[in-house]
Amino acid sequence: MGEFDLIARYFTRPVRPGGAALLGVGDDCALLAPQPGMQLAISSDMLVEGRHFFADVNPEALGHKALAVNLSDLAACGAQPLAFTLALALPRIDQPWLASFAHGLLTLADAHGCQLIGGDTTQGPLNLCITVFGQVPAGQALLRSGARAGDDLWVSGHLGDAALALRALQGQLALPEHILAQARQRLERPTPRVALGLALRGIASSAMDVSDGLLGDLAHLLQASAVGAVVDADIATTLIAASHGQTPGNDIFDTNPRHPDAQELLRRCALAGGDDYELLFTAAPARRQAVASAAQAGATTVTRIGQIQAQPGLRLVDGQGQPLARDYAGFDHFKAWEPVHALRTTAGSA
């Protein structure tokens, strides 16, 4: 099978009538026509084997995640997905792998009405780069730069489960099989909060998605808005779904002799773990009921974890309001790189 046969078999689909895509795969360029009064929202993300995913990852899950992380950016902007392109480097043509990957990719695309309209393929180390296109009414995009002193600080869904799964798969801790399976789902099949992002237009004063760790990403929002924040670390830590119903003495802690301070482990995963793909946003306290309605429309929970302050800087406190001095740095693509394939173990169901 050659390059063009591969594209035709796995990635070429008819352009959907009535959609924003007027011309898709097959020409030198695709053609998009956003609705009148709309602005285009565009984002790109790259996933590299050994850096972002294990070499033996389920290809269907990889297809899902490759698009999900891009849709999460559109969600953070309050944009409706329209279309995407895929640039794919493959070490070889593996037809069962491609079929599974394409199924995961296109199933999520169909769920959000997002059409594959082009891209590129070549031979090389496994690498995926998706560029996604969305539309948002002119002047209504959610940005990082709108937070104001006194705003509530919110986050959607759950934090830290993906980081917990990654640590288990890297052999840094052991988890019971059912806990690992739950956390691994969050790592490999994140849910882009598109419906929530759309519902937050006109309510949130600022927003971004959490991809590199809550505090690391929050620092970018604070810088863009020229404000500071106080965050309740204990509230954030309760958002690890895998820890719900677990207390010291239960199995999630008993099997982790290398982490005697279980609370600190969970706190670090929640605050700095990364790969959460939840929405971090701010809104005026007077909009709390509107935020609750948006969460209902988006079919997800939201949790108030802090407050925006005029004084620059990020301040962490515990549940009693006492300051925490520990450093919880987020993920950085060019620091502390340990290839994930080199650390793979057979922990749990890995």
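The numbers attached to residues start from 1 for each chain and follow its sequence in the written order. Local features in this predicted model are restricted to residues of pLDDT 70 or higher, and side-chain atom pairs are both shown and tallied only at a pLDDT of 80 or more, whereas totals for entire chains, interfaces and linings draw on every residue. Calculated side-chain values reflect all of the structure's heavy atoms, with hydrogen atoms and water omitted.

Thoughts on the layout of surface pockets
Point 1. The distinction between a cavity and a pocket rests on a 1 Å grid over the protein atoms alone: a 1.4 Å probe fits inside a cavity but cannot get out, while a pocket stays open yet meets protein on both sides within 12 Å along at least five of seven lines, and a residue with an atom within 4 Å of a point counts as lining. Grid points are joined across faces, edges and corners, and a volume is the space filled by probe spheres set on the points. Estimated volume of the second largest pocket: approximately 250 Å³.
Point 2. Runs of H or I in DSSP of at least four residues are treated as helices and runs of E of at least two as strands, each being numbered from the N terminus. For the lining of the second largest pocket, the element with the most residues is strand β5 (residues 115-123), which contributes 6 residues.
Point 3. Here the lining of the second largest pocket is composed, by residue class, of 8 nonpolar, 5 polar and 3 charged. By the convention adopted, Pro, Cys, Tyr, Trp, Phe, Met, Ile, Leu, Val and Ala count as nonpolar, Lys, Arg, Asp and Glu as charged, and the other residues, Gly among them, as polar.

Structural notes on the packing of helix α4 (residues 161-169) against helix α10 (residues 262-272)
Point 1. Every angle, taken between N-to-C directions, lies between 0 and 180 degrees, and every axis is a line fitted to C-alpha atoms, over only the stretch in contact when it is a helix. Following both chains from N to C, one finds α4 and α10 inclined at 115°, their axes separated by 7 Å at the closest point. Relative to α10, the crossing made by α4 is right-handed. Facing A163, L164 and R167 of α4, the residues of α10 in contact are L265, L266, R268 and C269.
Point 2. The residue inventory of the contact of α4 with α10, partitioned by class, reads 5 nonpolar, no polar and 2 charged. Should the near helix be turned counterclockwise from the far one by less than a right angle, the crossing is left-handed, whereas a clockwise turn marks it as right-handed. We call two residues in contact whenever any of their non-hydrogen atoms come within 4.5 Å of each other.

A few points about the sheet that holds strand β3 (residues 38-48)
Point 1. For two strands to be treated as a pair, DSSP must find at least two bridges joining them. An order of β3-β6-β4-β5 is seen for the 4 strands of this open sheet, with the pairing classed as mixed. Each of the sheet's edge strands pairs with one partner strand only, and the pair in question is β3 and β5. Ignoring which end each strand starts from, the neighbouring axes of this sheet average 15° apart.
Point 2. Pairing analysis gives 11 bridges linking β3 to strand β6 (residues 127-137), with the strands arranged antiparallel.

Re the confidence of the model for the chain
Point 1. Averaged over all residues, the pLDDT of the chain is 87; the fraction at 70 or higher stands at 88%.
Point 2. In this model residues 247-251 is a low-confidence stretch, pLDDT under 50, and it forms 7 contacts with partners more than four residues away in sequence or in other chains. Scored from 0 to 100, pLDDT reflects the predictor's confidence in each residue.

Side note on the pairing of strand β12 (residues 313-317)
Side-chain direction in a regular strand flips from residue to residue, so the side chains alternate between the two faces of the sheet.
Point 1. Here strand β9 (residues 228-232) pairs with β12 via 5 bridges, running parallel. When the sheet's bridge partners are listed, A229 is paired in β12 with L314.
Point 2. Inspection of the sheet shows β12 paired to strand β13 (residues 323-324) by 2 bridges, in the antiparallel sense. Within the sheet, the bridge partner assigned to V317 lies in β13 and is P323.
Point 3. With antiparallel pairing between neighbouring strands as the criterion, β12 and β13 make up a hairpin whose turn holds 5 residues, including G321 at a positive phi of roughly 85°.

Some details on the environment of T131
Point 1. Relative to the helices and strands, T131 resides in strand β6.
Point 2. The classification of residues rests on relative accessible area computed with a 1.4 Å probe and restricted to protein chains. Under 20% of the type maximum is buried, over 50% is exposed, and intermediate values are partly exposed. Classification of T131 as buried rests on a relative accessible area of 17%.
Point 3. A C-alpha to C-alpha distance of 8.9 Å links T131 and M46, two positions 85 residues apart in sequence.
Point 4. Polar contacts here mean pairs of N or O atoms no more than 3.5 Å apart (in protein, one a potential hydrogen donor and the other a potential acceptor; neighbouring residues in sequence count only if both atoms are side-chain atoms). A distance of 2.6 Å separates polar atoms of two side chains, one belonging to T131 and the other to S44.

Quick look at the packing of α4 against helix α5 (residues 177-188)
Point 1. The contact between α4 and α5 brings their axes to 7 Å, and the two run at 115°. As the angle between them shows, α4 and α5 are arranged roughly perpendicular. Judged by the sense of rotation from one axis to the other, the crossing of α4 with α5 is left-handed. On α5, the residues touching D161, A162, A165, L166, A168 and L169 of α4 are L180, A183, R184, R186 and L187.
Point 2. Taken together, the residues that form the contact of α4 with α5 break down as 8 nonpolar, no polar and 3 charged. Oblique is the label for every angle not falling under 35 degrees (roughly parallel), over 145 degrees (roughly antiparallel), or within 65 to 115 degrees (roughly perpendicular).

Here's the deal with the packing of aromatic side chains
Point 1. Geometry of aromatic contacts follows a simple scheme: Phe, Tyr and Trp rings, the Trp one being its six-membered ring, pair when their centres are within 6.5 Å, and the pair is stacked under 30 degrees between planes, edge-to-face over 60, tilted otherwise. All chains considered together, the criterion is met by 4 aromatic pairs.
Point 2. Relative to F101, the ring of W97 has its centre 5.2 Å away and its plane inclined at 10°; by these criteria the two rings are stacked. Taken together, the residues span about one helical turn, with W97 and F101 both in helix α3 (residues 95-111) at a distance of 4 residues.
Point 3. Given the relative accessible area of 17%, W97 is considered buried.
Point 4. A residue is classified by how much of its surface remains accessible, and F101, at 0% relative accessible area, is buried.
Point 5. A ring pair is formed by W154 and F281, whose centres lie 6.2 Å apart and whose planes are at 5°; its orientation type is stacked. Of the two residues, W154 sits in strand β7 (residues 152-156) while F281 sits in strand β10 (residues 278-283), which places them 127 residues apart along the sequence. F281 carries the same exposure label as W154, and that label is buried.
Point 6. Each residue in the set Y10, F11, W97 and F101 is aromatic and connected to the rest through ring pairs, giving one cluster.

Things to note about helix α2 (residues 59-77)
Point 1. Here the expected span of a helix is defined as 1.5 Å times the quantity of residues minus one. Spanning 19 residues, α2 covers 28 Å between terminal C-alpha atoms, matching the ideal 27 Å at 1.5 Å per step.
Point 2. For α2, a buried count of 17 out of 19 residues is recorded, marking the element as mostly surrounded by other parts of the structure.
Point 3. Where α2 begins, the side chain of N58 points an oxygen toward the backbone nitrogen of E60, at a separation of 2.8 Å.
Point 4. Positive phi shows up at G78, right after α2, with a value of about 75°.

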